[in-house]
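Okay, here's what each chain looks like letter by letter:
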Amino acid sequence: MDREHHEMSRSRLEEIIEEHCRRGRWALIPLIQEIQEENGYIDPAVIPVIAEKLKIFPSAVQGVISFYAQLYTEPRGRNTIRLCRGTACHVRGGKTILKLIKERLDIEEGETTADLEYTLETVACLGVCALAPSMMINQQVFGRMNPKKVGQILKRKGEDHEPA
Amino acid sequence: MQAVTLTINQQEVSGPPGQTILELARESGIAIPTLCHHALLSPLGGCRICIVENEANGALLASCVTAIAPGMIINTRSPRVQEHRRMILKMMLASHPDSCLVCDKGNRCELRQLAAELGIGLIELDRIPQAAVTEELNPFLVRDGSKCILCARCIRACQELVVVGALDYFGRGFKTKAATLFQAPLENSACTFCGTCVALCPTGALMEKEPLYRGSVGSAVESICPYCSCGCSISLEVKDNRVVRVMPGKDPGAPESLCVKGSYGCDFIHSPERLTVPLIREGEGFREASWKEALAVAAAALQGIRKDQGAESLAFFGSANCTNEENYLFQRFTRTVLRTNNLDNGSSLYYAAARRGFHEVVGFPTVTYPLGDLALADLIIVIGADPTASAPLVDYGIRRAVTAGGAKLIVIDPRETGLAFFAHRRLQPAVGTDLALLKAMAAVIIEENLTDREFIARKTENYRALLRSLEGFSLESAAAATGISAAQIVDAARLYATADKGAIVFGTGIMQQARGVEAVKALLNLALLTGHIWREGGGIWALLRECNAQGAGDMGMLPNFLPGRQDLQDPPARERFEARWRCTLPTAPGKGAAEMITAAEKGEIRGMIVAGENPAAAFPRSSRVKEALGGLDFLLVLDIFMTDTAGLADVILPAASFAEKEGAFTGLDGRVRQIRRAVDPPGECRPDWQIILELAAAMDHPLPFSSPGQIRKEIEDLIPFYRDEGSEVNLEGDAFWESGPDRKPPLKRFPAFTAIGDLLPPPAPNPDYPFILLAESTLFHAGSGSRSARSPRLSRFTPHYCFVKMNRADARRLALQSGDVVAIISENGRLTAVVSCDGALPEGVLSLPRSRIDHPLAALFSSPVEEDALSSALKKCYVRIERSGNDGSGAS
Ligand code: SF4
Ligand code: SF4
Ligand code: SF4
Ligand code: FES
Ligand code: FES
């Protein structure tokens, strides 16, 4: 699948919905998941289409999407940074690392860079406190972070991290 | 099933299995506080304030969602329970702003009531947390998230009662809130501003905007909404002789929902534009006069005309917005004092054809069913109607039948109506081809042997004529005419015929067409073929418009019907009224609304009384109507506002509004219910009934009444099915056939099938006027707008220009886009409008929402000569569109 492609065509959307519709209205969550899997995120514009097909109020479809942290209504970066804000990391300068990443990528927590390379999130504890301050990019853990490492690890466009 | 026995607060009680602890406790007179629970809504069990202790095992239970079980020992106020309750409430209050003192919910806030009950002091600060108020432009309601306790009553009200679904939870955890789709302001959401969520919100999180009064209101008067014929019961909250708020009424049968007009549109009663003194014409203007003088002038003029030109040169055009008592009086006055049958009411503008259709089939001009029956239907056909805009309570009922009751819904309309989202089948016949579709459905039902043979044999007549008329009829020709495939027609016919309880709801799209009488009869054919008539859950509902359209007809405010839906030409019926009124009645057929105007034009009608109607704006080709009315020797107008018609009058008498008088309205479902005086009329206004009594006296022909109560007494004497206040006038059930209990009018004969004539090919398109323009009801506007346009809140929400909806392809062909200003030109007139592209309209069809009074849509329509044709002339006309350099500020 082309991961750059974030616009799902209406006909493909309808295809996915048709497949799911046969399973009745409780197919809503798997349906949304499939759309996200294929598209990377759930474009809010598809909400009314889903609602119409499943005969569920659009506001209710939105309510379900908003309930799950793993469902996104905005495009996600190709890579997700999860920076630890746990206590151990905090006392060892995790806050500075966060600030540096934010400055470098020019985004806030929860946001995605304009070129869709990175999405920045923070988490409570990555469970690798011995390596504090730590962060993850996709599935790869980076420990003992320092300002210099931030610059080295965050790639320039085109270079790939280990996939998610 | 065996009752479950348990104890609550040491009292032994029992209830049916499945009942909740809360329900049983309340039944037994034991109070348990609740917040998220509401009897009309599905259970949620969210807030836990209703917690009780089961002393048998020490469990704490949310009583609103826990079913009773044998052996429970429930304590609703043990120290443990009280402690938990206080803690829950404190937690809610902790995140609540300390602005109770200035909160407009005031003593109505259930949170505050509960805090007082549980002895939790409120920190009395007067800071208003502005940040949480959602900035919204609508003039109806305001949301303040900081006061929200997430009880979801609003969400459930919106989803379950009015079934609009504008709101749902959004987000998780602390960030959760009730939000619209895309978190848009309400005015950009699906919200219809019905106010139901406001009525049900226990806190100040949802409130009416711009309250007319801040604080708790002393008295509330139960009444009936003055707008549409759904007849919602409303509660008028009064302070200092002003109606300051309208809430859903306390009528036990009514769901706590109104529409925007009922909730926020009654503010017209305090409009500064109200007429307050009698006015007599002087040159181009009017001068104020005393009642005595104005009545004397009117009486003399009417008597003069009757003497010189005969009674047939007089006419009375009354109102479907006036009470039953008033309508009864109007017709008695016209028939016995003016001595003519030239009388009619405003509902004939759209309903005349349907009355005739019903009369010819069942012997009565109308048939009514309880609205609640819709909930029992398992299949509903909605045809030529957009109840979402024109009869909101019917719309809610249909939505609930579909979403909660599992009914199937077939929507038949060329336009995409508000119910389309819920439809299982949508048929879009070409404009004006319903008759072909209905005829085809009848043919399919007969062909496939889906008829109710026993019903047809025992309880109907004329079946053979119907069969004969269908000989040689081909499904394909109907498919070709309507643009609906034969398979879809067959499918719809089967669904209806095989339903257990099939209901039909039809509106002006059926009544207001050139062959409206036949279309209504074709619908009745379907009901008679399948027996879906006079059966619980199966029936035919005609969507009437005005609050008392049903009552005006029942009271005989029709040229050819006496009170009680009795035929004027039926001698025994006439004799009964003659005996009571001690006179002989005029027998010459009366002139209805359309004929009155034509006769006025020709000079045959010389004097008219118009009460509570505005023909100069509501009739087709308004300029012609104005000329006709202006040319009368004498025009008397009774109204609450200076309407276009009043502007033409010789004498204007200021009337009292619905909130200032007593009487009854009959809803479209036949329920007769009281309106009550809530405030004093402004200035010198008097109720219409009083004015007519005084006019009769001034004409030396006093009528034997001095109060609405006395008039009601006579109505009850003469109309058996009005004998019981609050009764349902309905013709359902077998009792009807044997002329049964008193309240049901005896059937004079069996209903008869109608042979539907051949379908004429559609008229050749006129290249000069290539578009079909349909007039469309809108939610924020009623009738000719004399009241809704003077409701400060409703009128502020209607756009100040008029819109014409157009298919995108048509727009592209004319190089137009949304927002362009165009002139709509018909043979009769022109109107300036702003284009709004609408994907849902068929090509070649334009739709124009009826809106403000200064956009006289009626000017475009051609005026018919015949009574039956009047209604069709107000629905559809042929137009062309021209780009206009105009600024779009209104009619030209
Ligand atoms: S707005 Fe009112 S009704 Fe809705 S969830 Fe909040 S408190 Fe409950
Ligand atoms: S006003 Fe009516 S439609 Fe709007 S949100 Fe409230 S309940 Fe729903
Ligand atoms: S549905 Fe009709 S009767 Fe009910 S509140 Fe609205 S306008 Fe009034
Ligand atoms: S605190 Fe950062 S990994 Fe545990
Ligand atoms: S009232 Fe029972 S849980 Fe809210």
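Residues numbered from 1 in each chain as written. Chains lettered and ligands numbered in written order. Predicted model: local features only at pLDDT ≥ 70, side-chain atom pairs only at ≥ 80, totals over all residues. Heavy atoms only, no water.

(A) Geometry of the overall build of chain A. Secondary structure assignment for chain A yields 7 helices and 4 strands. Traced from its N-terminal end to its C-terminal end, chain A shows the element sequence α-α-α-α-β-α-α-β-β-β-α. By the burial criterion, 41% of the 164 residues in chain A qualify as buried. Considering only contacts within chain A whose residues lie at least 6 apart along the sequence, 62% involve residues at least 24 apart. Per element, the accessible surface of chain A, about 9000 Å² overall, is 51% carbon and sulfur. (Helix = DSSP H or I, 4+ residues; strand = E, 2+ residues; numbered from the N terminus. Buried < 20%, exposed > 50% of the residue type's maximum accessible area, 1.4 Å probe, protein only. Contact = heavy atoms within 4.5 Å. Areas by Shrake-Rupley, 256 points an atom, 1.4 Å probe, with all protein chains shown as cover.)

(B) Seen up close, the overall build of chain B. Assigned secondary structure in chain B consists of 28 helices and 34 strands. Looking at chain B as a whole, 63% of its 892 residues are labelled buried. Total accessible area on chain B is roughly 33000 Å²; 51% of this is exposed by carbon and sulfur atoms.

(C) Just the site of ligand 1, in detail. Surveying the vicinity of ligand 1 reveals the residues Cys148, Ile149, Leu150, Cys151, Ala152, Arg153, Cys154, Cys201, Pro202, Thr203, Ala205 and Leu206 of chain B. Among the residues forming the shell around ligand 1, the class breakdown is 10 nonpolar, 1 polar and 1 charged. (Near = heavy atom within 4 Å. Nonpolar A, V, L, I, M, F, W, Y, C, P; charged D, E, K, R; others polar.)

(D) Representation of the pairing of strand 25 (residues 634-639) of chain B. Residue and element names in this part refer to chain B. Burial analysis of strand 25 places 6 of its 6 residues in the buried class, the great majority of the element. Across the two faces of strand 25 the burial is the same, with Phe634, Leu636 and Leu638 and Leu635, Val637 and Asp639 all buried. Relative to strand 25, strand 24 (residues 607-611) runs parallel, the two being bridged by 5 bridges. Looking at strand 25, one finds that Ile609 is bridged to Leu636. Pairing analysis gives 4 bridges linking strand 25 to strand 26 (residues 651-654), with the strands arranged parallel. Among the inter-strand pairings, Leu636 is bridged to a residue of strand 26, identified as Val651. (Pairing = 2+ DSSP bridges.)

(E) Broad picture of the pattern of salt bridges. All names here are of chain B. In the structure shown here, the tally under the stated rule is 47 salt bridges over all chains. With its nearest N and O atoms 3.6 Å apart, the salt bridge here joins Arg712 to Glu325. Here Arg712 is found in helix 25 (residues 708-718), whereas its partner Glu325 is found in helix 8 (residues 324-338), with 387 residues between them in sequence. Glu325 gets classed as buried once you look at its relative accessible area, which sits at 1%. For the salt bridge of Arg813 with Glu843, the shortest nitrogen-to-oxygen distance reads 3.8 Å. Of this pair, Arg813 sits in helix 27 (residues 808-813) while Glu843 is found in the loop between strand 32 (830-837) and strand 33 (845-849), placing the two residues 30 residues apart along the sequence. Grouping residues by exposure puts Arg813 and Glu843 together as exposed. Via salt bridges that share partners, Arg332, Arg580, Lys713, Glu714 and Asp717 belong to a single interconnected network. (Salt bridge = Lys/Arg side-chain N within 4 Å of Asp/Glu carboxyl O.)

(F) Molecular detail of the environment of Leu475 of chain B. All names here are of chain B. Mapped onto the elements, Leu475 comes out in helix 15 (residues 475-482). Considered as a pair, Leu475 and Met511 are 36 residues apart in the sequence and their alpha carbons are 24 Å apart. Setting aside chain neighbours within four positions, we find Leu475 in contact with Ala440, Val444, Ala486, Ile489 and Val490.

(G) Structural detail: the pairing of strand 1 (residues 79-84) of chain A. Residues and elements named next belong to chain A. Burial analysis of strand 1 places 5 of its 6 residues in the buried class, which makes it a mostly covered element. For strand 1 and strand 2 (residues 118-123), the ladder comprises 6 bridges, and the chain directions are parallel. Looking at the pairing, Thr80 lines up with Thr119 of strand 2. As paired elements, strand 1 and strand 3 (residues 135-137) share 3 bridges and run antiparallel to each other. When the bridges of strand 3 are listed, Leu83 appears paired with Met135.

(H) Spotlight on the domain arrangement of chain B. Residue and element names in this part refer to chain B. For chain B, the domain assignment lists domain 1 (4-77), domain 2 (130-270), domain 3 (279-347 + 548-722), domain 4 (376-542) and domain 5 (771-883). Averaged C-alpha coordinates put domain 2 and domain 3 at centres separated by 37 Å. On the side of domain 3, 19 residues touch domain 2, which itself brings 23 residues to the contact. In this assembly, domain 2 packs against domain 3 so that about 1600 Å² is buried in total across both faces, 61% of it on carbon and sulfur atoms. Along the contact surface separating domain 2 from domain 3 lie 0 salt bridges. (Domains from an automatic or database assignment. Buried area = accessible area lost by both parts, 1.4 Å probe.)

(I) Main features of a nonpolar patch on the surface. A cluster of nonpolar side chains, contributed by Ile29, Phe67 and Tyr68 of chain A, occupies part of the molecular surface with about 250 Å² of accessible area. Residue classification places Tyr68 of chain A among the partly exposed positions, given a relative accessible area of 33%. (Patch = residues over 30% accessible without salt bridge, like charges linked within 9 Å, V, L, I, M, F, W, Y side chains within 5 Å.)

(J) Structural view of the sheet that holds strand 11 (residues 233-239) of chain B. Residues and elements named next belong to chain B. Within the open sheet, the 3 strands sit side by side as 10-11-12. Their pairing is antiparallel. Edge positions in the open sheet fall to strand 10 (219-224) and strand 12 (242-248), since each of these has one partner strand only. Recorded for the sheet is a direction-independent mean angle of 30 degrees between the axes of neighbouring strands. Relative to strand 11, strand 10 runs antiparallel, the two being bridged by 6 bridges. Considered in strand 11, the bridge of Ala220 is made with Glu237. (Axes fitted to C-alpha atoms, helices over the stretch in contact; angles between N-to-C directions.)

(K) Region of interest: the layout of surface pockets. Computed from the structure, the largest pocket encloses a volume of approximately 1700 Å³. Lining of the largest pocket is provided by 48 residues; of these, Ser189, Ala190, Thr388, Gly418 and Lys805 of chain B occupy positions nearest its centre. Mapped onto the lining of the largest pocket, the elements with two or more residues apiece are helix 4 (58-67) of chain A together with helix 10 (387-390), strand 30 (803-806) and strand 33 of chain B. When grouped by side-chain class, the residues that make up the lining of the largest pocket number 22 nonpolar, 15 polar and 11 charged. (1 Å grid on protein atoms, 1.4 Å probe; cavity = no way out; pocket = protein on both sides within 12 Å on 5 of 7 lines; lining within 4 Å. Points joined across faces, edges and corners; volume = space filled by probe spheres on them.)

(L) Structural detail: the interface of chain B and chain A. Taken residue by residue, the interface counts 20 residues in chain B and 17 residues in chain A. Taken as a group, Arg172, Leu181 and Phe421 of chain B account for 46% of the area that chain B buries against chain A, more than any other trio of residues on that side. Where chain B touches chain A, the interface holds 0 salt bridges. For the interface between chain B and chain A, the tally reads 4 residue pairs in polar contact (both at pLDDT 80 or more). The element best represented in the side of chain B that touches chain A is strand 7 (residues 168-170) of chain B, accounting for 3 residues. Across the side of chain B that touches chain A, the residue classes tally to 13 nonpolar, 5 polar and 2 charged. (Polar contact = N/O pair within 3.5 Å; in protein donor to acceptor, adjacent residues only side chain to side chain.)

(M) Structural context of the environment of Glu121 of chain A. Residue and element names in this part refer to chain A. Looking at where Glu121 falls in the secondary structure, it is placed in strand 2. The spatial distance from the C-alpha of Glu121 to the C-alpha of Glu103 is 14 Å, given a sequence separation of 18 residues. Contacts of Glu121, omitting those with residues within four sequence positions, involve Tyr72, Arg76, Thr80, Ile81, Arg82 and Leu83. Within the structure, the side chain of Glu121 is placed 2.9 Å from the side chain of Arg76, a separation counted as a polar contact. Only 3.4 Å separates the side chain of Glu121 from the side chain of Arg82, close enough to count as a polar contact.

(N) Geometry of the domain arrangement of chain A. Entries for chain A in the domain assignment read domain 1 (10-67) and domain 2 (79-155). Here the C-alpha centroids of domain 1 of chain A and domain 2 of chain A sit 32 Å apart.

(O) The arrangement of the packing of helix 7 (residues 291-309) of chain B against helix 24 (residues 688-698) of chain B in detail. All names here are of chain B. Here helix 7 crosses helix 24 at 60 degrees, and the two axes come no closer than 9 Å. With respect to each other, helix 7 and helix 24 are oriented oblique. In this structure, the crossing between helix 7 and helix 24 has a hand that is right-handed. Of the residues in helix 24, those in contact with Trp291, Leu295, Ala298, Ala299, Leu302 and Gln303 of helix 7 are Ile691, Glu694, Leu695 and Ala698. Looking at the contact of helix 7 with helix 24 residue by residue, the class counts come to 8 nonpolar, 1 polar and 1 charged. (Parallel < 35°, antiparallel > 145°, perpendicular 65-115°, else oblique. Left-handed = near helix turned anticlockwise from the far one by under 90°.)

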